[in-house]
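What follows is each chain in one-letter form.
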Amino acid sequence: MIMDKRPIGVFDSGLGGLTVVKALKKLLPNESILYFGDTARLPYGVKSKDLVIQYSNQIAGFLIKKNAKMIIIACNTATAMALKELENNFKDIPIIGVIGPSSIQASLESINKNIGVIGTIATIKSNAYESALKSIDKNINVFSKDCPLFVPFVEEGMVEGEAINLIVEHYLSSFRNDIDTMILGCTHYPLLEPVIKKYVSDIKLVDSASAVAKYANDILNDCKIKNGYNKEGSLECFVTDLPRQFEKLGRIFLGETIKEPQLVNEF
Ligand code: DGL
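So, here is what we can say about the structure in this document. (Residues numbered from 1 in each chain as written. Predicted model: local features only at pLDDT ≥ 70, side-chain atom pairs only at ≥ 80, totals over all residues. Heavy atoms only, no water.)

It is worth spelling out unusual backbone geometry at this point. Residue Leu42 is joined to Pro43 through a cis peptide bond whose omega torsion reads 0°. Tracing the sequence through the fold places Pro43 in the loop between strand S2 (33-37) and helix H2 (49-65). Not every positive phi belongs to a glycine, and Leu242 is a case in point at roughly 50°. Here Leu242 shows up in the loop between strand S9 (235-239) and helix H11 (243-254). With a relative accessible area of 46%, Leu242 lands in the partly exposed category. (Helix = DSSP H or I, 4+ residues; strand = E, 2+ residues; numbered from the N terminus. Buried < 20%, exposed > 50% of the residue type's maximum accessible area, 1.4 Å probe, protein only.)

Below, the structure written as structure tokens:
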């Protein structure tokens, strides 16, 4: 039995990556997790590629210094822009993004091969999902839509109510294109799943969180770095601003208490 007790490093621009943490804790309860939410520099979805690469490098370096045995980029935007760069810069440990695993899952779920993708402006503009899906099966048709207002609503904890209903309707009511499967291509979006489902009740939704957790499990096994020690792992959080707000909303999203997040001022 392998007992690699080093933590898994997970990062996102803010709270959204906690959806990945939730899925990881469910599937891999023994693993300890370091979570980094870059709350001072959120949102990433409207920033340039160079800047997102710079932020991602800093955060991955920080988590590796804290002894992370694997990095999960729990952000579609950062995956689309910085995965290759991080793989090149940090060759000693596995670096996992969310786009590959979600695309595989969607390709398995879709019957008519018409797959929708919703995400931030940056993710949609990067065409990263389109390339990933086409490389799995070139006959897949991809229909993409950016939904830039979703992230600020989630970061405010406004995941239900009249305002978010109107916004979801605005983005999704005309976005059908005969798709039978839709990827929630932003780690913030699973928190809106109940509202989204109301407008696309006949479409299968694929969220990056559970897809990436399954993939992380495979990589931990393949690299022989899984923690077989039978004790619940810990969760330690780091943020670049507003730790109290992160703690308060994070608790709601994660469904459990978050130990006070540590504020990171420099890398
Ligand atoms: N959670 C990020 C993603 O998956 C987006 C949030 C942001 O724009 O910073 O793309």
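Here the focus is the site of the ligand. Contacts to the ligand come from 13 residues, most closely from Ser13, Tyr44, Asn76, Thr77 and His188. A distance of 2.8 Å separates an oxygen atom of the ligand from a polar backbone atom of Thr187. When isolated, the ligand has an accessible area of 300 Å², and the protein chains bury 99% of it. (Near = heavy atom within 4 Å. Polar contact = N/O pair within 3.5 Å; in protein donor to acceptor, adjacent residues only side chain to side chain. Areas by Shrake-Rupley, 256 points an atom, 1.4 Å probe, with all protein chains shown as cover.)

Now for the packing of helix H1 (residues 18-27) against helix H10 (residues 208-222). At a minimum axis distance of 8 Å, the contact between H1 and H10 shows a crossing angle of 45°. The orientation of H1 with respect to H10, classified from their angle, is oblique. Where H1 crosses over H10, the two elements pack in a sense that is right-handed. On the side of H1, the interface is formed by Thr19, Val20, Ala23, Leu24 and Leu27, while H10 contributes Ala209, Ser210, Val212, Ala213, Lys214, Ala216 and Asn217. Residues of the contact of H1 with H10, tallied by class, amount to eight nonpolar, three polar and one charged. (Axes fitted to C-alpha atoms, helices over the stretch in contact; angles between N-to-C directions. Parallel < 35°, antiparallel > 145°, perpendicular 65-115°, else oblique. Left-handed = near helix turned anticlockwise from the far one by under 90°. Contact = heavy atoms within 4.5 Å. Nonpolar A, V, L, I, M, F, W, Y, C, P; charged D, E, K, R; others polar.)

Here the focus is the sheet that holds strand S7 (residues 181-184). Spatially, four strands are ordered S6-S5-S7-S8 in an open sheet, and the strand pairing comes out parallel. Two strands in the sheet have a free side with no partner beyond their single neighbour: strand S6 (141-146) and strand S8 (204-207). Recorded for the sheet is a direction-independent mean angle of 25° between the axes of neighbouring strands. Sheet analysis places strand S5 (residues 114-119) next to S7, joined by four bridges and oriented parallel. The residue of S7 that forms the bridge with Gly116 is Met182. (Pairing = 2+ DSSP bridges.)

To continue, consider helix H4 (residues 99-109). When we look at burial in H4, the residues that qualify are Ile99, Pro101, Ser102, Ser103, Gln105, Ala106 and Ser107. Residues of H4 that are buried sit in contact with helix H3 (76-89), S5, helix H6 (128-136), S7, S8 and H10.

Right, let's get into the pattern of salt bridges. Evaluated as defined, the whole model comprises eight salt bridges. As a salt-bridge pair, Asp38 and Arg41 come within 2.8 Å of each other at their nearest N and O atoms. Overall, the relative accessible area of 0% leaves Asp38 in the buried class. Take Arg41: its relative accessible area is 18%, and that puts it in the buried class. Residues Glu260 and Arg244 are paired through a salt bridge, measuring 2.9 Å at the closest nitrogen-oxygen approach. (Salt bridge = Lys/Arg side-chain N within 4 Å of Asp/Glu carboxyl O.)

All right, on to the environment of Leu263 then. If you trace the backbone, Leu263 turns up in strand S10 (residues 262-263). Other than its neighbours up to four places away in sequence, Leu263 contacts Val239, Thr240, Asp241 and Pro243.

So, on to the nonpolar core. One broad rule of soluble globular proteins: the nonpolar side chains tend to lie buried together. In this structure, Val10, Leu24, Ile72, Ile118, Phe150, Met182 and Ile196 are the most contacted members of the largest nonpolar core, which totals 55 residues. If you tally residues by element for this core, the top one is H10, at six residues. If you look at the next biggest cluster of nonpolar residues, it comprises 23 residues, including Leu34, Phe62, Leu63 and Ile71. (Core = buried A, V, L, I, M, F, W, Y, C linked by side-chain atoms within 4.5 Å.)

As summarised here, the arrangement of the six strands in space is S4-S3-S1-S2-S9-S10, forming an open sheet in which the pairing is parallel. The open sheet terminates on both sides in strands that have one partner only, identified here as strand S4 (95-96) and S10. Alignment of S2 against S9, held across five bridges, turns out to be parallel. Bridge assignment links Phe36 to a residue of S9, and that residue is Phe238. Along the sheet face, H11 touches S2, S9 and S10 and points at about 135° away from the line of S9.

Another point: the side chain of Ser103. With respect to the helices and strands, the residue Ser103 is situated in helix H4. Since its relative accessible area comes to 0%, Ser103 is described here as buried. When residues no more than four places from it in sequence are discounted, the contact partners of Ser103 are Tyr129, Ala132, Leu133, Ile136 and Ile183.

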